[in-house]
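Residue-level listing of the chains:
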Amino acid sequence: MSANISTRLLYAFIALDELKHFTRAAERCHTSQSAFSVMIQKLESAVGTKLFERDTRNVTLTPEGELFAEVARSLVSEIESAFDDMSDYVARRRGRVAVAALPSLAANGLPAVIAEYKKLYPGVSVSLYDALSDQCLSLLRQGKVDLVLTAPGSNFNEFESKTLCSDPFYVVCRRDHPLAKKRIVQVDRLAGCEIIHLAKSSSVRQHVDNLLRDVQAIHSGFEVEHLATVAGLVKQGLGITLVPELTLFQFRQLDLVAIPLESHGLMRPILIAKRKDQGLSIAAQAMLELIEKRIGPSGARRKYQVV
């Protein structure tokens, strides 16, 4: 048998059990005594047995009422706890948000955003994954992250994405390199230069290949996975490199020079993506808005950069 018992009937039962008086219990429930009596009758009908013994003076629980009292209080406690939890999620006092980002953004940009987010919503758990573009999209596809910050690539049609910002390219070289004194480097000046490359799987490499498509630059023979390795090779005079602005913090401590590359609008777009088939939680939406505010085109992205 299924019972159609509302929380209002449960509260009425608890009020009558505690106050032992129909009039006072009705007042607590903000209803008339006659309407309150109907509520108790409806509850007893739904349960299938009498829950109260009442006469002109006393209201007491029947043995079945004693048993139901435990059930009623447990149900009310669970309902109130559930609503409290939901209120915490809505108010961002609790929750979870996960972000995947390219290593350059995960190291230089997002940490400051996450720190600000944690100050605003200390009860929300934040996870950050640093990964290459394909790995970021795989995490999003699997539902392991809410948001992805990455460069354009294949397999983007299945996601909802938009450009967050554009990342201009720089030439990084030693201070004794002929290009080091330039205020800006034209792409054709890279002809004859030995280039230290990142791996072809990286978004940076794909853009660099496009930039150098019509330039007779020399492949240094070095093609590595990590920016720290690139920086070490450049420091030793084994070549120069082309990297986006967001990665320049990797080269600062080595006393290298970073010169803007005149690329005629050729920049690495940074996209922010989410799943099309699933809306963002309140916590994730707040993270999205803060990322757009701090890293987006209208934000203060440069305060997170080291040039």
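Predicted model only: the values in this text are computed from it and were never measured. (Residues numbered from 1 in each chain as written. Predicted model: local features only at pLDDT ≥ 70, side-chain atom pairs only at ≥ 80, totals over all residues. Heavy atoms only, no water.)

## Section: the sheet that holds strand 8 (residues 185-186)
Each strand in a sheet pairs with another by means of backbone hydrogen bonds, the pair being arranged parallel or else antiparallel.
Then comes step 1: An order of 8-12-7-11 is seen for the four strands of this open sheet, with the pairing classed as mixed. If you trace the sheet from one side to the other, it starts and ends with strand 8 and strand 11 (241-244), each paired once.
Then comes step 2: The strands touched by helix 8 (residues 203-211) within the sheet are strand 7 (169-173), strand 11 and strand 12 (257-262), with strand 7 carrying the most contacts at an inclination of about 90°. (Pairing = 2+ DSSP bridges. Helix = DSSP H or I, 4+ residues; strand = E, 2+ residues; numbered from the N terminus. Contact = heavy atoms within 4.5 Å. Axes fitted to C-alpha atoms, helices over the stretch in contact; angles between N-to-C directions.)

## Some points on the packing of helix 6 (residues 110-120) against helix 10 (residues 282-295)
Then comes step 1: Direction vectors running N to C along helix 6 and helix 10 enclose 130°, while the axes themselves pass 10 Å from each other. Looking at the two axes, helix 6 sits oblique to helix 10. As helix 6 packs across helix 10, the resulting crossing turns out to be right-handed. Within the contact between the two elements, helix 6 uses Leu-110, Val-113, Ile-114, Glu-116 and Tyr-117 and helix 10 uses Ala-283, Ala-286, Met-287, Leu-290, Ile-291, Arg-294 and Ile-295.
Then comes step 2: Counted by class, the contact of helix 6 with helix 10 contains ten nonpolar, no polar and two charged residues. (Parallel < 35°, antiparallel > 145°, perpendicular 65-115°, else oblique. Left-handed = near helix turned anticlockwise from the far one by under 90°. Nonpolar A, V, L, I, M, F, W, Y, C, P; charged D, E, K, R; others polar.)

## Thoughts on the environment of Ile-40
Then comes step 1: Note on placement: Ile-40 falls in helix 3 (residues 33-47).
Then comes step 2: By relative accessible area, which is 0% here, Ile-40 ends up buried.
Then comes step 3: Considered as a pair, Ile-40 and Asp-176 are 136 residues apart in the sequence and their alpha carbons are 91 Å apart.
Then comes step 4: Once residues lying within four places of it in the same chain are set aside, the contact partners of Ile-40 are Ala-12, Phe-13, Leu-16, Phe-22, Phe-52 and Arg-54. (Buried < 20%, exposed > 50% of the residue type's maximum accessible area, 1.4 Å probe, protein only.)

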